[in-house]
Amino acid sequence: MGMLRYCFGLTLLLATLPSSALALPAPTSGDPSAISGRTLGNHQVLLAAGVGWPGFWAEALFSPSRTLDVGVRGDVLYGSPLLGFGTGVGGEVSVPLRLHLWAGEKSDFSLAGRPFLDLGDGSLVGEQGIFAGSFGYALGLEIEGLLGVQVSGGVTLTVGAGSNLAFTNVPENSASGDLIGSLYGVVGVEAIFSGTTLLFARIRGGYGFAPDRLFDSRANLRVSFGVAYQL
């Protein structure tokens, strides 16, 4: 519960800060971006959806200032969103955040955060034995540094690195209640069509840490192919 209060307290603090409190460099352009370090224009709204591993998702991203994006996202899961390649049925709700920190000639760097809550089969949070089909949950936070480089008028390449930490639990299993984490890299590309619509692809890969009894692999892999539209 302490982690939950911290994550959502941070979210509310950033979301309510006025533009004057975020005296940071403006993004290099007003072109929409769903996955890079370039935040949205002031008071813009971006709708995005994607499919891949470990599920499919939809997101609404809002910009109270040019240097801050705050959103809400929902995932339908058919695989573990944490580590390995275990399958199951569940969902995830999260609050994406993106804070713009630096701008170059055609480059933007942001710090991104995402507190999340996963609910579903125990296999999604690492259980592999008799409790794999029992209800499980994970509460966590991921933090990423994202560099976006606009290589042409409509194409942006993204590279980054991040880490996450989560508490996982299957209440029926008295041995459950674990902290897990991972370190990973991010690569992505997005291309703008018609000024307000873009297609994107994003891959995240790395290595995780968890008790030996959890997960079938220590790989951290998330892949998304999607579309976004700026209102």
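The text that follows walks through the structure, step by step, so that each part is easy to find. Since the model is a prediction, treat every value here as computed from it, not as a measurement.

1. Description of the packing of aromatic side chains
Aromatic ring pairs are reported here in terms of the distance separating the ring centres and the angle at which the planes meet. Taken as a whole and judged by the stated rule, the model has six aromatic pairs. Judged by centre distance (6.2 Å) and plane angle (40 degrees), the rings of Trp53 and Phe85 are tilted. Taken as a pair, Trp53 in strand E1 (residues 45-53) and Phe85 in the loop between strand E3 (68-79) and strand E4 (87-94) lie far apart in primary sequence, 32 residues in all. Here the aromatic rings of Trp57 and Phe200 are separated by 6.0 Å at their centres, their planes lie at 35 degrees, and the arrangement is tilted. Residue Trp57 is found in strand E2 (residues 55-65), and its partner Phe200 is found in strand E10 (residues 197-209); the two are separated by 143 residues along the sequence. Summarising the burial analysis for this pair, Trp57 and Phe200 share the class buried. Members of the aromatic cluster, each reached through a chain of ring pairs, are Trp53, Tyr78 and Phe85. A cation over a ring is seen here: Arg73 above Trp57, with NZ or CZ 4.1 Å from the ring centre.

2. Points about the pairing of strand E5 (residues 97-103)
Bridge count for E3 against E5 is three bridges, and the pairing is antiparallel. Bridge assignment links Asp69 to a residue of E5, and that residue is Arg98. Sheet topology note: the E5/strand E6 (residues 107-121) ladder contains six bridges and is antiparallel. What sits directly across from His100, in E6, is Ser110. Between E5 and E6, which pair antiparallel and follow one another directly, the connecting turn spans three residues.

3. Description of a nonpolar patch on the surface
Together, Phe85, Val159, Val187, Ile203 and Leu221 make up a nonpolar patch on the protein surface, roughly 400 Å² of accessible area in all. With respect to the helices and strands, the residue Leu221 is situated in strand E11 (residues 219-230).

4. Topic: the pattern of salt bridges
For the structure on display, the rule yields 11 salt bridges. Across the pair Asp69 and Arg98 runs a salt bridge, and its minimum N-O distance is 2.8 Å. Remark: Arg98 occurs in strand E5 and Asp69 occurs in strand E3; sequence separation between them is 29 residues. A residue is classified by how much of its surface remains accessible, and Asp69, at 0% relative accessible area, is buried. Given a relative accessible area of 5%, Arg98 falls into the buried group. Residues Asp75 and Arg222 are paired through a salt bridge, measuring 3.5 Å at the closest nitrogen-oxygen approach. With a gap of 147 residues between them, Asp75 in strand E3 and Arg222 in strand E11 connect regions that are remote in the sequence. Of the residues examined, Asp75 reaches a relative accessible area of 6% and is grouped as buried. Residue Arg222 is classed as buried on the basis of its relative accessible area, which comes to 9%.

What counts and how
Residues numbered from 1 in each chain as written. Predicted model: local features only at pLDDT ≥ 70, side-chain atom pairs only at ≥ 80, totals over all residues. Heavy atoms only, no water. Phe/Tyr/Trp six-rings, centres within 6.5 Å; stacked < 30°, edge-to-face > 60°. Helix = DSSP H or I, 4+ residues; strand = E, 2+ residues; numbered from the N terminus. Buried < 20%, exposed > 50% of the residue type's maximum accessible area, 1.4 Å probe, protein only. Lys NZ or Arg CZ within 6 Å of the ring centre and 35° of its normal. Pairing = 2+ DSSP bridges. Patch = residues over 30% accessible without salt bridge, like charges linked within 9 Å, V, L, I, M, F, W, Y side chains within 5 Å. Areas by Shrake-Rupley, 256 points an atom, 1.4 Å probe, with all protein chains shown as cover. Salt bridge = Lys/Arg side-chain N within 4 Å of Asp/Glu carboxyl O.

Keep in mind these numbers describe shape, not what the thing actually does.
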